[in-house]
Structure formats: structure tokens, C-alpha cells
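Geometric and topological summary
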Amino acid sequence: MSTTKEKEIANGNDVPYELPWVEKYRPKLLDDIVGNSDTIDRLKVIAQSGNVPHLIISGMPGIGKTTSIHCLAHQLLGDAYKDAVLELNASDERGVDVVRNKIKGFAQKKVTLPPGRHKIVILDEADSMTAGAQQALRRTMEIYSNTTRFCLACNMSNKIIEPIQSRCAILRYAKLRDEEVLKRLLEICEEEKVQYNDDGLTALIFTAEGDMRQAINNLQSTWSGFGFVSGESVFKVCDQPHPIIIRKMISACAKGDIDGATASLSELWQQGYSAVDIVVTIFRVVKNFDELPEYTKLEFIKEIGFTHMRILEGVGTLIQLSGLMARLCKMGRNPEEFKF
Amino acid sequence: MVCDWDHRVFCHLLIAWAAAQENRLWVDKYAPETEVDLAVHKQKIEDVRRWLREAFSTQPISKYRRLLVLTGPSGAGKTATLRVLSGEMGFSVIEWISAQQSPLDAYGYADENISGDDLYESAMDKFETFLARAGNYRSVFNNNPAQSSSSDSPTQNAVILLEDLPNILHEGIRQRFHSAIHRHVQRSTIPVIIVVSDAGVRGETEEVGAGPLRWSRNNEVSARFNPIAVTFLTSALKRVRIRAGAAVVSDSVLTNIVESVSGDIRAAIMALEFTAVRAGAAGSQKRGRNGPANASLESLTRKENALVLFHLLGKVLYNKRKGDPPPNHATKREATNLRKIDSKLKDEPPLQAWFNHEARATSRVSADELYSSTPIDASLFSLYIHQNYTPFCATLEHSDALIDNLSWVDANGGDNWYEQNPYAFHLYALGTLHALPTPVPHVGQKFYKPELFDVGKRAHEASNAIDRVRGWLSDRSPENASTWTRTAVALELGVVLRAKDMGMQKPPHGHGLFSEMRFVHGAGNAEVAGERETGGVPVSEEEPKRRLDGDDAQGTWLEDDDIEDW
Ligand SMILES: Nc1ncnc2c1ncn2[C@@H]1O[C@H](COP(=O)(O)OP(=O)(O)O)[C@@H](O)[C@H]1O
Ligand SMILES: [Mg+2]
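Residues numbered from 1 in each chain as written. Chains lettered and ligands numbered in written order. Predicted model: local features only at pLDDT ≥ 70, side-chain atom pairs only at ≥ 80, totals over all residues. Heavy atoms only, no water.

Per an unreviewed UniProt entry, the recorded name for chain B is Rad17 cell cycle checkpoint protein-domain-containing protein, and the organism is Vararia minispora EC-137.

Where an unreviewed UniProt entry is consulted, chain A appears under the name P-loop containing nucleoside triphosphate hydrolase protein, with the organism given as Vararia minispora EC-137.

Okay, here's the thing in C-alpha cells:
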């Protein structure tokens, strides 16, 4: 599959442009989509029967919602895809009537389709539409359903009004599991002859938090930037502090060891990470850190959130972060020590 | 030859028509045609029928039958009722469909250069033209005025159906829309029927004008449709199953569908159609027949939000922890399963001695997993916790700790986050779990829909009423109009308005919303989040257990036991 040309591209150093891997490895068939296998099976049955209902697919970003809809449409429509699919980003309310007109025009357009198939309107990020815009679509969906079916993708299905939900089959995608992301990354590494170590893959998975798009993007950037995918290089590419240092820091806080905590903090600060980068990674580590009991976790997250807000207000200083360390450490020390 | 050609055209048309029939969704193909097929409460149909009969009559009352607003959840049969009655009573339905005669270029696309505002304006122009033309409908067909008003030629009756409304969230459009309706009601005898569906879990009935007050100067009548009762829904689905020849769908699957759609018949028929596809395909894939069909059902029919919200609330508010005894009714297998799950949970790391009272057993719930698997935003989550937490607390301390956490998050997130506070969900979940007793006492808790929505709606209506009173004041004495600010009207005019009500020149209807302050008890008003939110959703993944209160889909809710094994 990969030509010599592509291999050159993969090495990246002197080729100015290369196809983003998220595009290059965008699944073409429903079969290629990783994860959510039950739900994907349902889509396959629909693809087979040809009769696609109005659909809503919901779930977090980068888990294959848009891709699934594209695959489904391709499998249903074959060569007619070009003419029989209308993709819309109907995000603002003022555009409702423009959108309505477009859909109307599209629904009335004559297209030769395989028998029993329908034209498809894809509405991506449908939850960014206002309730008013959604109301406007409701009847349109019904009026043209003989010829045209709607596929909606959204992050939050509770932002889709009930009258639209009532007209749709709803499929919910779960976040991709670490193994699932890993599997796809390994396939791409193999195809692109990427050199990596386990630490690097773990780092990719940690930073992506179940978002396949981000994982693949980071893989590509790391590979083209460093020529090797190690933990170190991934965190550099993502411009994120290394979670190992953060973990050390939080352990120190939990024990009330302010010297240990601030030592880790200064280390990160000297490496040039911004206050936001640091605080965001602290949260990522803390929420799943099994060294912390529930109460500590809760109280830590409160402090972290509070600090994050201060930083957003413009005070992203070392003192700000040191203050956080001090407050966390205080919880790890006997209150008696603070009585005079 | 000519004849032949005609015949060919006819055949083509026929084939095209047949193909179009095939391509229709079942909801359209098997739409009810007579009252027998209509799964709506007889009384509701009768209400609408009577209204229509009065509207078409020559009696004085017909003057007050010009505007009917049908409200209710989606899939409750509002439009279908109208269609059936139109067949039965023989009147035509003139429907307004937006974007109907819009400027389309040769490819059928709207001209991109038209700005949003122009388009709105032109859309409203069209709407007004439509109403004006439709208002003259009768005279187009019948020039004899004497006959046009007689009711013995029922075929000439017509109603105007507005369902695909112009975008009324836009203030200017809203005003034009309302005055267009008002004008129409004044001068035409053709009744207007507006169909408005509820927006959903958040309970924000859209701004469109579902509240009767919005229309009050037009003497409108409004009829509210309830979710369709289980018995009606079941027989309607069975009829569709026969007509569609979908015997592959077993009775138990059909029952499952009925139970999972919260009285939404459209969702039910959609589910039936795609379950039939699934069941058919499963046969050819040599899979077990019932298995996959049942599995597919769950996610095709569930009212996504309601179900997810419910699972989420149940998980958090029942606060299950490692080592909790199995529920009383648990089978041996279930109990063993629970022990197995517990054995995989790590013990909590020790908490420092000075936090002793904060130590808890490991939670069976992971806040982070909840977060990544629920497509519900944190603010809605917190509203539902806020509405429902008290029955889950055993002491005042529990309540205190819980509400303290909720308000901490609100006070420390809020406006400073550009989009959404990324910590909120975790804090709501963790904080609630931590505050609740363990185990939570089981006292038959039910979940309620946040009252905030209703309060917000009432506030909105009251504020509209203030505007109407101001309009009324300035109509009567333009020179004093400016002294009556909104605040002044709201705070100082109450007694006068109420006194006026008894006199001749009545102020606009609805001022009671702000001129009369009634004391109301809080929680008593909350609606059991039954029918719509949860409606008989099977809660346990392995073994759906549910409880229905009578046949009428009234107050279906989740009992604590249902959550137990989940
Ligand atoms: N489940 C998946 N399996 C394989 N690739 C995926 C998957 N999810 C996402 N990707 C990759 O990420 C890219 C973006 O996915 P997309 O479907 O746009 O995500 P979403 O619409 O859920 O935000 C795709 O081009 C693909 O390369
Ligand atoms: Mg997408």
C-alpha cells in the first residue's frame, strides 16, 4: 500500500507537505472503525438494508462520529455519494432559513440513486444549533423524509430538542478505550514504519484522553518532529509537563511535603511550561490517581479548579502555583501543627 | 399514438408514485386515517372535534373559535388528530411550510448573497402573504357569500395549520408573527391551528408561544396532549405490525418498544420499523433471532437523555460502595456478582488521622468514567441533583455537606470560564457521593424534574404580562406612557389592576402573574420526572424491572429497587 514516495513522506524531514494522518487513515468502511462495536454493527445492518432512518450519533470529540456517518453514506450510496449527500454546519440561528432553503433545494434535486436509497443530509455538531434553529428543522425533516434522511452528529445529545430526537434513531458512542486507541496507533505505526517505545504509546494515550483524532495527530507530530516516539518526545510535542513529575508532586502534597512539591514545581517551571499547562495536567493526573482517597481527591480538585480560574483571570505566576502547592500540602499535615 | 403516450406517462407516474410509497417511513406510510387507528384519548379527540364543529358553525360562538393551540410532547398525536378529523369532518388543511417559495437558483440552492436579515424579512413577507391568501380561501372557491357561511357544505371548510413556524426567537419576527395572526383572526373566518411540541428534558417549552397567555388577545383555546397511554400505544403498534407484515417482531420486543418510548408514538413506530430491519437481517446472518433484535432495540428507542440522566442520577444518589450488602430481593447469582465486582475494586488508600470522619469505603462509581460516558452537561446534572437530593440524605449533616458542595462549585466556576467549567462535573459527582450516607436509606425515592424550569417559565410569562399592561396603559393615555417603567408597573400597579378587573375596562388578561403574589409551597409543585423523562425505562442492564402505575402511563417512575442491581 505505501509507495516509496510515501515512505519518504513519513520520514518527514525534508518534505514540506504531507497528508495529515487523521485524513490518510480515516476509515473508509464501517468495518475499519475502532471501538463501539455493537453500535457500529447496527449501522452495518442499516447499510445492508438500505433504509436509513434519521440518525443521531452522540459522544465525545474524536471518537469517529462524523467518520461513521461518512462511511455509512458511502456504503449506502456508492458513486452517487457526490450528488446525494449534503453536508451542513448549521451552527447559527440567523442561518436557519438559509439552511432550510438549502435542504429544501437539495431534497427536491433529482438524483439517480440505487433503488430504495435516500439522499442524506449530514448535520455535524448539531448540538451547537440553537433550540430555535432545531425547531425550524423539525418539520423540514418530516416533510422531505421520503427522499431525504438526516444524520446528525453531536457531543451532547441533551442539547438536541425532543421533537428531533423523537424523529431519529439515537446511537451513543462511548469514549474509546485505551486498548482501542492503542490498537489503531499500532496499525498506523506499522504502516508508516514509525519507531517508538511503550512509554511513547502510553504518553500518546494519556494525552489524548480517548480522543482518537488527537492521538493520531500527536503521533504524527512526534514522529515528524523527533523521528522517534518516546514518552519524553510526546509530552514535548503536546507541550505538556510529564505526568511522572506531576505524580511525584501530588504524592508529595498528599504527604504534606512542601519541599518535595515545590521542587517538582520549580523543575517544571524552569522547563518553561505555562501555569495553565501545569494546572491542566495536575487535574488529569489527580482525577485518576489511585494513591488519593476520595476525600483528598475531592478537596484537591476544588483547589486545582480554583487555581485554574485565578490563572484564567490573568495571574499565571509561579507564586500562584506555589500557593496551590501550599494549600494542598496543608491538608496533608496535622492541623495541630498550625496551632500556636 | 397520443393515447399510448399518455398511457406511458401514466405508467411512469404510477411507478414513481409506487417507488415513493416504498421510500416512505412507516410513520408516514401507516399514519392513522380514522379515529379507530388514532391512539389518542377519545376525550381529547372529542375536544378538538367540538372546537372545530363550533368554528365551522354559524353560531355566535364561532367568533371565539379562530385560534387553537395544540401543545404537548412530541409524538403525542397532535398533527395526526387534526389529519384524521379533517378526513372525518371533510375540511381541508392548508399548511404553511417555511422556505416554500424561496429564491432558488437553477440548482435549487438559495442565493448565498442574501443576508440573514433579508431572508428573515422576506420569509415574513411570505408568511403574511400566505396568511392573507389562505384567509380568503373560501371566496376563491365560492363567490356566493350566503353559501360560504353556511355549514351544510362541509367540504368547503378549511383550517390553516401552522407547525413549521417562522423563527420566532428573533424578536422582530415574533412581533410581526403575532400581529399577522392577530390581523388574521380579526378579519378571516378560517380558523388557525398552531401545533407546538415541547422541547425536552430541560423543560424549556420553546419561546414559540406555548403558554396560552401569549395569545390571549385572540381568544385562543389551547388543548394539551399527553403522552400516549401504554394500552393505546400497544394496539396501535400491533396494527402497524400487521399492515407492514412485520411478524418478525415478536410480542415481547413490541412490549419492549412500548416501554421504552415514554408515550411517544412516532419514536415507537420508528423503533418498530428499524427493529424489523434488524430482525430480518439477523435471520440472514444466522445469528440468534431474538437476541440481536432485542439488543438493537435498546439503543434505537430509548429516550436518550431521559435514560442517561436517570442512570446518572441513580448511580450518584444511591451511592453504592464496596462491601454494601446486596439488596433484599437479589438472587444468589446477583449477590455473587456484586461480590465479584467488589473484589476487583481496590481499597481506598488510608486517610490521615485528622480526617478520620471523612474516610469512606471505595465507591462502586468512578466519577471520571461517569463523566466520559455521559453526554449530559454538568449544569443539567447539578440541577437534577439539587432537585432530588434530600430524600437520599439521612441527617441534616448529609444535606448540609451536599448542598455546600453544590454551591461551592457554582460560586467558584460561573462566569469566569469561557465555555464550561471543566471541573464541575467531577466536583458535582464526587462531592455528592462523598456527602451522602452510605448506604443510602431506601424509602421509595422518586426523581423529580427541576422546578427551576417552571419557575423560569412563569417569570418569563409574568414579564410578558408586564409588557402587555404597559402597552395597554400607553394606548389609553399616551402622554403618561413614559412614567410607567417596567419596574413601576410591576411594583406599584397591582392593586389598581386587580380593582380594574371588576370594572368595565379590563386590563389585559394575565396581569395576575405579577399583580397578585400568592404564597406557594415549594416542592409540592415539582412534577414526578415520570412520563417523559423516564417513562418506564428498563433500568437494569441485565434484567429490566419496572413498575407502571396503572395503564395510563401516568407517573411511571423508577423505584429504588430498580437501581439496586444496576
Ligand atoms: N473509532 C475510530 N476508529 C478509527 N479512527 C478514528 C476513530 N475515531 C476517530 N478516528 C480518527 O480521527 C479522525 C476524526 O474522527 P471524527 O469521525 O471526525 O471524530 P468525531 O466526529 O467523533 O469528532 C478520523 O479521521 C480518524 O482518523
Ligand atoms: Mg465530528
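1. Focus on the site of ligand 1
Residue and element names in this part refer to chain A. Taken together, 19 residues lie around ligand 1, and Val-22, Gly-62, Thr-66, Thr-67 and Arg-213 are the ones closest in. Within the contact set of ligand 1, an oxygen atom lies 2.8 Å away from a backbone nitrogen or oxygen of Val-22. Contacts to ligand 1 include Ile-63, whose backbone N or O atom sits 3.1 Å from an oxygen atom. Starting from 560 Å² of accessible surface for ligand 1 in isolation, the protein chains cover 98%. Of all the secondary-structure elements, those providing two or more residues to the shell around ligand 1 are helix 4 (65–77) and helix 11 (212–226). In terms of residue class, the shell around ligand 1 is made up of eleven nonpolar, four polar and four charged. (Near = heavy atom within 4 Å. Polar contact = N/O pair within 3.5 Å; in protein donor to acceptor, adjacent residues only side chain to side chain. Areas by Shrake-Rupley, 256 points an atom, 1.4 Å probe, with all protein chains shown as cover. Helix = DSSP H or I, 4+ residues; strand = E, 2+ residues; numbered from the N terminus. Nonpolar A, V, L, I, M, F, W, Y, C, P; charged D, E, K, R; others polar.)

2. Quick notes on the pattern of salt bridges
A complete count under the given rule lists 38 salt bridges over all chains for this structure. Two residues, Glu-294 of chain A and Arg-321 of chain B, come together in a salt bridge whose shortest N-O distance is 2.9 Å. Of this pair, Glu-294 of chain A sits in helix 16 (residues 294–312) while Arg-321 of chain B sits in the loop between helix 13 (304–317) and helix 14 (332–344), which puts the two residues in different chains. Among the ionic pairs, Asp-342 of chain B bridges to Arg-364 of chain B, the shortest N-O distance being 2.8 Å. Of this pair, Asp-342 of chain B sits in helix 14 while Arg-364 of chain B is found in the loop between helix 14 and helix 15 (367–373), placing the two residues 22 residues apart along the sequence. (Salt bridge = Lys/Arg side-chain N within 4 Å of Asp/Glu carboxyl O.)

3. What about the sheet that holds strand 1 (residues 67–72) of chain B?
All names here are of chain B. Read from one edge of the open sheet, five strands run 2-3-4-1-5, paired in parallel fashion. Strands with a single pairing partner mark the edges of an open sheet, and in this sheet they are strand 2 (92–96) and strand 5 (221–224). Taking the axes of each pair of neighbouring strands and ignoring which way they run, one obtains an average angle of 25° across the sheet. Across three bridges, strand 3 (residues 158–162) lies against strand 4 (residues 192–197) in parallel orientation. Among the inter-strand pairings, Leu-161 is bridged to a residue of strand 4, identified as Ile-193. The strands touched by helix 4 (residues 78–89) within the sheet are strand 1, strand 2, strand 3 and strand 4, with strand 4 carrying the most contacts at an inclination of about 150°. (Pairing = 2+ DSSP bridges. Axes fitted to C-alpha atoms, helices over the stretch in contact; angles between N-to-C directions. Contact = heavy atoms within 4.5 Å.)

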